[in-house]
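What follows is each chain in one-letter form.
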Amino acid sequence: MNLWHVKNENDLVVEKHKETFFFFQKLLQNSLKLTSNNAIAYFINNFVKILVYKIKKNLSQEYLNFLNSYATVNNISLNDLLLAVSFPDIFSYMLSKTGSKMYLNIPHVFLGCSTLLLPTENGVLHCRNLDYFGGKLWTKNHTVMLFDFPNTVKSVNITTMGLPVIGITALNEAGISLSVHMLFTKEVNLKGSLVTDLAFQVITKATSISDVLKIVKDKPTVSGWAFIVFSHKENKGVLIEFNGKKTCIKELNSLPFIYNNFYMTREQQSSELYPSYIWIQNNFYRNNHLKRLLSDKQTFSLKNAIRIISNTSDYYHGNKDPFGHTVANSFTVTSAIFDVNNERLSLGENHSPAGVGINKIYDLSKTFKGELNEIDKINIIQDEKKRAFYNAVVSVMDILYTNQDYEKCINILDKLGENLNDSYFTLLLYAILLIKKEDFIKAKEKLYKALEKTYLDSYRLGMIKLLVAAIEDFTGKKKTATELYADILQNHRFVDLNILTLKLYTKGADKNFFKKVVPNFFLSHFLII
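Residues numbered from 1 in each chain as written. Predicted model: local features only at pLDDT ≥ 70, side-chain atom pairs only at ≥ 80, totals over all residues. Heavy atoms only, no water.

### Description of the overall build of the chain
Of the regular secondary structure elements, the chain holds 21 helices and 15 strands. For the chain, whose C-alpha radius of gyration is 22 Å, the value lies close to the compact-globule estimate of 24 Å for 529 residues. When burial is assessed residue by residue, the chain has 64% of its 529 residues classed as buried. Pairs at least 24 apart in sequence give 68% of the contacts found in the chain among residues at least 6 apart. For the chain, the exposed area adds up to about 19,700 Å²; of that, 49% sits on carbon and sulfur atoms. In the chain, the 62 positive side-chain charges and the 49 negative ones have mean positions that sit 4 Å from each other. (Helix = DSSP H or I, 4+ residues; strand = E, 2+ residues; numbered from the N terminus. Rg over C-alpha atoms; globule rule 2.2 N^0.38 Å. Buried < 20%, exposed > 50% of the residue type's maximum accessible area, 1.4 Å probe, protein only. Contact = heavy atoms within 4.5 Å. Areas by Shrake-Rupley, 256 points an atom, 1.4 Å probe, with all protein chains shown as cover. Lys, Arg positive; Asp, Glu negative; His and termini not counted. Charge placed at Lys NZ, Arg CZ, Asp CG, Glu CD.)

Here it is as structure tokens:
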């Protein structure tokens, strides 16, 4: 675990970790390359720079000063820095604006953040899993950023070395803890606040819930977001949900409290955007599985909490597959728990899922003094086979977000040997990599093996079946394809799945369709071409 103690702008120099910054700066463009050619991806990325320019005009002076400081000492442009830190807002904004085209693919989302507020004998644990991109680049540099600029409330921020995000997973010295969740909404607004700006203001200024509410009042955001805030000195919390038009507040009067990635305030629910049914399913499964895990307890210990946020079981199929809609997954780059009343900070220090393996416990009071003093550790026993799956998939995703070397990705998965066949997801991933290399025969073999995983729910089976049907269609086996299309329409009745099935049934699958099927399972529904 790194300690990044930032007392002035000179402490923001991260020369040895610039690769982290450049990864996130180029993340959108590299992701777009998966669904389009390089020229189109470059064009869209330049268009995004125009959006970033518009967003910059609405930044608070304090946040703008902070970003300018970071950009200056690291010799990078402010616009490039904004491109890196505003990626989630820009992504969500574009997804909302492109509408129904988002639905026409085979999505498979298996990442999403989780926050828990759990009562203890003498306080509340603020538990947080951050699911994000960056893979091993993020997790090899787990970092506690102690932010202590003049005229700010000192704060502990959990990040990766080189990425200056304040408030996303954080606790300040006044006892205000904050976790931020991405949501999808139809109401987006380029004149709204950047979420990292609002989080920065909350964690560097607020000393009470009333301070928090003053900061966020009448502050719509660029896209959809939620803040879960707890004041450990006042022993009260609030949920704040944003879209491009309004901010809604809900007092958290009952604990334990669970939050995933869907709106909970009634006023915001009418504006919610569902990129695909899989997004609904993923959040529903994770939320209900957490309820199940909490159901037999009234109070929780730190050890209980670590085990809960490190859970890797799927609500539907349990542990029959290493992958699924799980609380901790191969995109969980941060697993943190703030135990303020007992002055403890728990941090998972592993590759994704960060909390599966060693979780170190630090003295929180000394952390605020600029020392990482380890006082204990809790080991969440790893299944070696499962860890091999996670490491392989994270390595593949890291490659896909940089150079799209499909052959190298296949070689990584090949190292799993026969174990590859034990997961529907690795079979699906392998098949799509083969499709990108236009090896449709081998891809179909892998997909038929995936269809043998009858423990999957109807939606996930339907997605795999549709990809098989498209290959059969494209390779001239119309009768088989038609039977599969009919089977999907009859037995797998989900709107986005059926829209695409009908489209393929009437128009047929062509090479252009397979260009848009991508091995990036979060952005696979993100089609703007």
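### A look at the packing of helix H14 (residues 384-400) against helix H15 (residues 406-414)
Direction vectors running N to C along H14 and H15 enclose 175°, while the axes themselves pass 9 Å from each other. As summarised for this structure, H14 and H15 are arranged roughly antiparallel, according to the angle between their axes. Of the residues in H15, those in contact with Ala392, Ser395, Val396, Ile399 and Leu400 of H14 are Tyr406, Lys408, Cys409, Ile412 and Leu413. (Axes fitted to C-alpha atoms, helices over the stretch in contact; angles between N-to-C directions. Parallel < 35°, antiparallel > 145°, perpendicular 65-115°, else oblique.)

### Topic: the side chain of lysine 386
Mapped onto the elements of the fold, lysine 386 is located in helix H14. For the buried lysine 386, no salt bridge exists, and the shortest N-O distance to an oppositely charged side chain is 6.7 Å, to aspartate 383. Sequence-distant contacts of lysine 386, that is, excluding residues within four places in its chain, are made with Thr312, Asn319 and Pro322. (Salt bridge = Lys/Arg side-chain N within 4 Å of Asp/Glu carboxyl O.)

### Section: the packing of aromatic side chains
The description of an aromatic ring pair uses the distance of the two centres, along with the angle that the planes make with each other. Within this structure, the stated rule accounts for 29 aromatic pairs. Measuring from ring centre to ring centre gives 5.1 Å for phenylalanine 513 and phenylalanine 514, while their planes differ by 75°; the resulting arrangement is edge-to-face. In terms of burial, phenylalanine 513 and phenylalanine 514 fall into one category: buried. A connected cluster of aromatic rings, assembled from ring pairs, spans Tyr63, Phe66, Phe147, Phe149 and Phe200. (Phe/Tyr/Trp six-rings, centres within 6.5 Å; stacked < 30°, edge-to-face > 60°.)

### Thoughts on unusual backbone geometry
Put simply, leucine 255 and proline 256 share a cis peptide bond, and its omega is 5°. Within the element layout of this structure, proline 256 appears in the loop between strand E10 (247-252) and strand E11 (257-259). Cis rather than trans, the peptide bond between serine 352 and proline 353 has omega equal to -5°. Looking at where proline 353 falls in the secondary structure, it is placed in the loop between strand E13 (344-348) and strand E14 (358-363). At glutamate 438, a residue that is not glycine, the phi angle is positive and equals roughly 60°. Secondary-structure assignment places glutamate 438 in the loop between helix H16 (424-436) and helix H17 (440-450).

### Things to note about H14
The terminal C-alpha atoms of H14, which comprises 17 residues, lie 24 Å apart, in line with the 24 Å expected from a rise of 1.5 Å per residue. Its side-chain oxygen at 2.9 Å from the backbone nitrogen of lysine 385, aspartate 383 defines the N-terminal cap of H14. (Expected span 1.5 Å × (residues − 1). Polar contact = N/O pair within 3.5 Å; in protein donor to acceptor, adjacent residues only side chain to side chain.)

### Quick notes on the side chain of threonine 169
Examined against the element boundaries, threonine 169 turns out to sit in strand E6 (residues 169-172). Separated by 2.9 Å, the side chains of threonine 169 and arginine 128 make a polar contact. Discounting residues that sit within four places of it in the chain, threonine 169 has contacts with Arg128, Leu130, Val156, Asn157, Ile158, Leu178, Thr334, Ala336 and Phe338.

### Some thoughts on the packing of helix H4 (residues 61-73) against helix H8 (residues 195-205)
Running from amino to carboxyl end, H4 crosses H8 at an angle of 100°, the nearest separation of the two axes being 9 Å. Regarding the angle of H4 to H8, the classification is roughly perpendicular. Mapping the contact onto sequence places Glu62, Tyr63 and Phe66 in H4 and Thr196, Asp197, Phe200 and Lys205 in H8. Considering only residue class, the contact of H4 with H8 consists of three nonpolar, one polar and three charged. (Nonpolar A, V, L, I, M, F, W, Y, C, P; charged D, E, K, R; others polar.)

### Examining the pattern of salt bridges
By the definition in use, this model includes 17 salt bridges. Glutamate 19 is paired through a salt bridge with lysine 140; the nearest N and O atoms lie 3.4 Å apart. Of this pair, glutamate 19 sits in helix H1 (residues 18-25) while lysine 140 is found in the loop between helix H7 (135-139) and strand E4 (142-147), placing the two residues 121 residues apart along the sequence. Close ionic contact of lysine 360 with glutamate 349 constitutes a salt bridge, the shortest N to O distance being 3.8 Å. You can see lysine 360 sitting in strand E14 and its partner glutamate 349 sitting in the loop between E13 and E14, a full eleven residues away along the chain. The class of glutamate 349 is buried, set by a relative accessible area of 18%. One connected set of salt bridges, linked through shared partners, spans Glu349, Lys360, Glu374 and Lys377.

### Overview of the sheet that holds strand E15 (residues 374-379)
Here we have seven strands laid out as an open sheet, ordered E11-E2-E3-E12-E13-E14-E15, and antiparallel in their pairing. In the strand order of this sheet, the two ends are held by E11 and E15, each with one partner. Across the sheet, the axes of successive neighbouring strands diverge by a mean angle of 15°, strand direction being ignored. Against the sheet, helix H12 (residues 302-309) touches strand E2 (114-119), strand E3 (124-131), strand E12 (332-339), E13, E14 and E15, its axis set at about 160° to E12. (Pairing = 2+ DSSP bridges.)

### A closer look at the pairing of E4
Regular strands place side chains that alternate from one sheet face to the opposite one. When you tally the buried positions in E4, you get six out of six residues, the bulk of the element. Judged by which residues are buried, E4 turns out to be covered on both faces: His142, Val144 and Leu146 on one side and Thr143, Met145 and Phe147 on the other are all buried. The pairing of strand E1 (residues 2-6) with E4 spans five bridges and is parallel. The residue bridging leucine 3 from the neighbouring strand is valine 144, located in E4. Both E4 and strand E5 (residues 155-160) contribute to a ladder of six bridges, which runs antiparallel. Its bridge partner being in E5, histidine 142 is matched across the sheet by threonine 160.

### A closer look at the sheet that holds E5
The mixed open sheet is built from eight strands, whose spatial order is E1-E4-E5-E6-E7-E8-E9-E10. With partners counted over all chains shown, the strands left at the sheet margins are E1 and E10, one partner each. Neighbouring strand axes in the sheet, compared pairwise and without regard to direction, differ in orientation by 20° on average. Where E5 lies against E6, three bridges are found, and the strand directions are antiparallel. Residue pairing for E6: valine 156 is matched across the bridge by leucine 171. Those strands touched by H8 are E4, E5, E6, strand E7 (176-183), strand E8 (224-231) and strand E9 (236-242), and its axis lies near 170° from that of E7.

### What to know about H1
Counting buried positions along H1 gives six out of eight residues, so the element sits mostly inside the fold. Along H1, the residues that are buried comprise Lys18, Thr20, Phe21, Phe23, Phe24 and Gln25.

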